[in-house]
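# Report on the structure
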Amino acid sequence: MAERLDRALRQSLETAGSRLAIDGGANDARTYDQLKADVAIIQQQITGLDTPSNVGILANQSCETYAAVIAVLLSGRTFIPLNPKFPIDRLRVICEQAGCDAILFDPVNSEIAAQLDVPGHLISKAENQEIPALQVADISDSDIAYRMFTSGSTGLPKGVPIRFESLDHYVREVSNLLNLESGLRFSQTFDLSFDLSMHDIFIALTNKGTIVPPRGMDLMMPHNYIIKKELDVWFSVPMLAGPILQAKLPDGPPPLVAAMFCGEPLPLAYARGLAQYVVPDGPVLNLYGPTEATIAITERNLRLYDGDSELMPIGRPFGQNQVAILIDEQIKPAIDGVEGELLLGGVQVFDGYEPSTGNNPFVSADDGQILYRSGDLVRVTHGEMHHLGRIDSQVKIRGYRIELGEIEQAFRDIYDRHITAAVSLGTGQSAHIGIAYCGEKIDYQPEALAGKLPDYMIPRKAMQIDALPTNVNGKIDRQSLETLSWA
């Protein structure tokens with residue numbers, strides 16, 4: 001994709017015609033011509049808003065979802081993904097922190113939208129009506145394309161604003177890495193509030209492809225999803241590949257031309273299992289990057305890897321992305337033998353949280369370059385990076401990055417237990433949260449936290465303990481907690 005993102009999207013909408021842009025089934029499919037009309041209608045709905053403005057999108061994996069994203073972006077406004085699965089209170093906080101001027105919602109989420117105290121617009125498909133002209137605003141590189149909200153250690157979600165130039169760089173560079181022909185069919189396994197969904201939407205549509213969101217049991221049986229939906233390109237968190245390892249390979253040539261993973265460490269066995277579904281010369285990429293660095297910032301192709309480590313390396317930065325290593329507060333180049341906290345720099349790195357969290361997530365190099373502290377521990381071997389885990393209290397469950405402090409604060413609010421520590425228990429598909437607390441024993445009911453936390457953050461188990469274990473620095477020893485009996 002040589003064109004800038006906004007121009008590439010416009011070109012797809014105006015030239016792909018009757019080709020399917022979205023294939024969600026008989027009642028949820030749109031051609032490019034239909035998608036262009038939907039986008040223009042949505043743009044007309046939000047015409048009265050100032051530019052720039054912040055528009056929430058309350059929808060998931062539907063034609064309305066994708067049309068709203070494109071409409072807001074091409075109008076020069078900022079979109080804020082609002083996950084309908086989140087508690088109402090969490091959605092209200094996100095709307096307030098993002099300064100939402102309006103919300104676009106699809107028909108199935110109208111009741112939720114009515115509870116958010118922000119002017120709402122029902123997203124409707126263009127049917128038998130006069131279609132206005134498509135708007136493509138004069139978007140500058142520094143304009144904010146979207147704000148993604150991640151888990152925050154203060155008990156509030158953290159707003160991550162991503163500039164248009166950051167998203168544009170990612171889409172163009174990954175398109176170049178994949179070198180895909182136009183018209184392919186792409187999986188879409190992520191909720192809109194998971195920034196990896198931005199990859200699905202923009203890589204597919206700028207390459208005149210078809211977004212194929214899952215339906216029913218598709219994610220429970222991903223091998224069937226690939227075959228029955230005739231997918232060409234796969235992208236998911238690693239754990240979705242687990243069931244594929246147990247499935248019988250289809251007869252005939254491999255169905256996929258490319259596959260990608262991101263969101264959590266990638267077991268080499270999972271990568272090799274899915275690689276059997278990819279044509280022999282097709283890329284199988286392990287992508288790495290936090291939300292703050294726009295989807296992903298490094299890559300490693302299984303086809304070029306002959307190692308035998310349990311986990312795939314996260315590789316090297318692509319495009320203009322840059323990395324360094326922080327060791328004892330000293331910035332070092334990422335060369336063989338170095339081990340420390342991974343620092344990220346370049347066009348894809350954000351400028352800071354909005355609103356500010358009060359903590360500086362950046363360090364400055366001697367040459368004045370500003371680098372983001374990822375919180376990830378890496379080791380450099382043979383010129384590429386291997387992920388060794390987190391250096392702080394963040395964990396990943398189902399691919400979502402979680403601040404354990406947010407879970408602890410919610411637990412304190414409900415159960416009035418001030419000495420608490422949340423930990424990640426189990427691995428892969430069985431990974432979940434447990435929480436230990438001091439004080440009198442409580443009758444723990446997980447559903448009591450449903451109004452404060454998404455389901456993947458709610459502890460399955462709570463354990464009363466006399467005192468929390470600590471390390472030599474006086475910090476909570478979470479590794480010791482994880483070894484306790486949580487039966």
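Reference entry: report on the structure contained in this document. (Residues numbered from 1 in each chain as written. Predicted model: local features only at pLDDT ≥ 70, side-chain atom pairs only at ≥ 80, totals over all residues. Heavy atoms only, no water.)

### A short note on helix α4 (residues 88–98)
Condition: When accessible area is computed with a 1.4 Å probe and restricted to protein chains, residues below 20% of their type maximum are described as buried, those above 50% as exposed, and intermediate ones as partly exposed. A helix here means a DSSP run of H or I that spans at least four residues, while a strand means a run of E at least two residues long, and both kinds are numbered starting from the N terminus. Comment: arc refers to directions from the helix axis out to C-beta atoms. Here, two residues are considered to be in contact whenever any of their heavy atoms come within 4.5 Å of each other.
Residues of α4 that are buried: Arg 90, Leu 91, Ile 94, Cys 95 and Ala 98. In a view along the axis of α4, the buried residues occupy a sector of 140°, so they form one face of it. Check the buried side of α4 and you find it contacts β3 (54–58), β4 (78–82), β5 (102–105), α5 (110–113), β7 (144–150) and α11 (404–415). Where α4 ends, the next residue or the one after it, Gly 99, has phi of about 65°, a positive value.

### Concerning the environment of Asn 83
Note the threshold: N or O atoms within 3.5 Å of each other form a polar contact, as long as, within protein, one can give a hydrogen and the other can take it, and as long as residues adjacent in sequence are counted only when both atoms are side-chain atoms.
Checked against the element boundaries, Asn 83 lands in the loop between β4 and α4. For the pair Asn 83 and Asn 60, spaced 23 residues apart in sequence, the C-alpha separation works out to 7.1 Å. Sequence-distant contacts of Asn 83, defined by excluding residues within four places in its chain, comprise Leu 58, Asn 60, Leu 91, Asp 191, Ser 193 and Tyr 400. A polar contact is formed between the side chain of Asn 83 and the side chain of Asp 191, at a distance of 3.1 Å. Only 2.8 Å separates the side chain of Asn 83 from the side chain of Ser 193, close enough to count as a polar contact.

### So, the pattern of salt bridges
Note the following rule: Just to be clear on terms, a salt bridge is a Lys or Arg side-chain nitrogen sitting within 4 Å of an Asp or Glu carboxyl oxygen.
Taken as a whole and assessed by the stated rule, the structure comprises 27 salt bridges. Residues Arg 215 and Asp 28 are paired through a salt bridge, measuring 2.7 Å at the closest nitrogen-oxygen approach. Pair noted here: Arg 215 is in the loop between β10 (210–212) and α8 (222–228) and Asp 28 is in the loop between β1 (20–23) and β2 (29–31), with a separation of 187 residues, a long-range link. The partner of Asp 89 in a salt bridge is Arg 92, with the nearest N and O atoms 3.3 Å apart. With a gap of 3 residues between them, Asp 89 and Arg 92 both fall in helix α4, about one helical turn apart.

### Quick notes on the packing of aromatic side chains
Worth spelling out the cut-off: For Phe, Tyr and Trp, rings pair up if their centres lie within 6.5 Å, where Trp contributes its six-membered ring, and each pair is then called stacked (planes under 30 degrees apart), edge-to-face (over 60) or tilted (otherwise).
Scanning the model with the defined rule gives 15 aromatic pairs in all. Look at Phe 190 and Phe 194: their rings are 5.3 Å apart centre to centre, the planes differ by 75°, and that puts the pair in the edge-to-face class. For Phe 190, a relative accessible area of 3% gives the class buried. Classification of Phe 194 as buried rests on a relative accessible area of 9%. Of the aromatic side chains, those joined through ring pairs into one cluster are Phe 190, Phe 194, Phe 235, Tyr 400 and Tyr 456.

### So, the packing of helix α1 (residues 5–15) against helix α3 (residues 63–74)
How we decide: Here an axis means a line fitted to C-alpha atoms, over the contact stretch when the element is a helix, while the angle between two N-to-C directions is reported on a 0 to 180 degree scale. Orientation labels follow simple angle bins: below 35 degrees gives roughly parallel, above 145 gives roughly antiparallel, 65 to 115 gives roughly perpendicular, and whatever is left gives oblique. Helix crossings fall into two classes, left-handed where the near helix is turned counterclockwise from the far one by less than a right angle and right-handed where it is turned clockwise. In the scheme used here, Gly and all other residues not listed as nonpolar or charged are polar, with Ala, Val, Leu, Ile, Met, Phe, Trp, Tyr, Cys and Pro taken as nonpolar and Asp, Glu, Lys and Arg as charged.
Two numbers describe how α1 lies on α3: the axes approach to 11 Å, and their chain directions differ by 130°. By the criterion of interaxial angle, the relationship of α1 to α3 is oblique. Handedness of the α1/α3 crossing: left-handed. Each of Leu 5, Asp 6, Leu 9 and Leu 13 in α1 lies in contact with α3, whose residues at this interface are Ile 70, Leu 73 and Leu 74. Looking at the contact of α1 with α3, its residues break down into 6 nonpolar, no polar and 1 charged.

### Structural notes on a nonpolar patch on the surface
So the rule is basically this: Patch criteria: residues need more than 30% relative accessible area and no salt bridge. Like-charged residues are merged within 9 Å; nonpolar side chains of Val, Leu, Ile, Met, Phe, Trp and Tyr are merged within 5 Å. Surface exposure here means Shrake-Rupley accessible area, sampled with a 1.4 Å probe, where a residue is shielded only by the protein chains that are shown.
Residues Met 217, Met 220 and Met 221 make up a contiguous nonpolar surface patch of roughly 320 Å² in combined accessible area. When you line up the elements, Met 217 lands in the loop between β10 and α8.

### Re the side chain of Asp 232
Just so we agree on the cut-off: Under this rule, positive means Lys or Arg and negative means Asp or Glu; His and the chain ends count for nothing.
Summarising the element assignment, Asp 232 is placed in the loop between α8 and β11 (233–236). Of the side chains with opposite charge, Arg 185 lies nearest to the buried Asp 232, which makes no salt bridge, at 5.5 Å. One polar contact links the side chain of Asp 232 to the main-chain amide nitrogen of Arg 185, over a distance of 2.8 Å. Leaving out residues up to four positions away in the same chain, Asp 232 has contacts with Leu 184, Arg 185, Pro 255, Leu 256, Val 257 and Ala 258.

### Comments concerning the sheet that holds strand β25 (residues 432–437)
Our working definition: Paired strands, as defined in this entry, are two strands with at least two bridges between them according to DSSP.
The mixed open sheet is built from 3 strands, whose spatial order is β24-β25-β26. On the outer flanks of this sheet lie β24 (420–425) and β26 (461–464), each paired with one strand and no other. Taking the axes of each pair of neighbouring strands and ignoring which way they run, one obtains an average angle of 25° across the sheet. In this sheet, β26 lies alongside β25 in parallel orientation, the contact comprising 4 bridges. Opposite Tyr 437, over in β26, you have Gln 464 as the bridge partner. Sheet strands in contact with α11 are β24, β25 and β26, and its direction is about 130° off that of β24.

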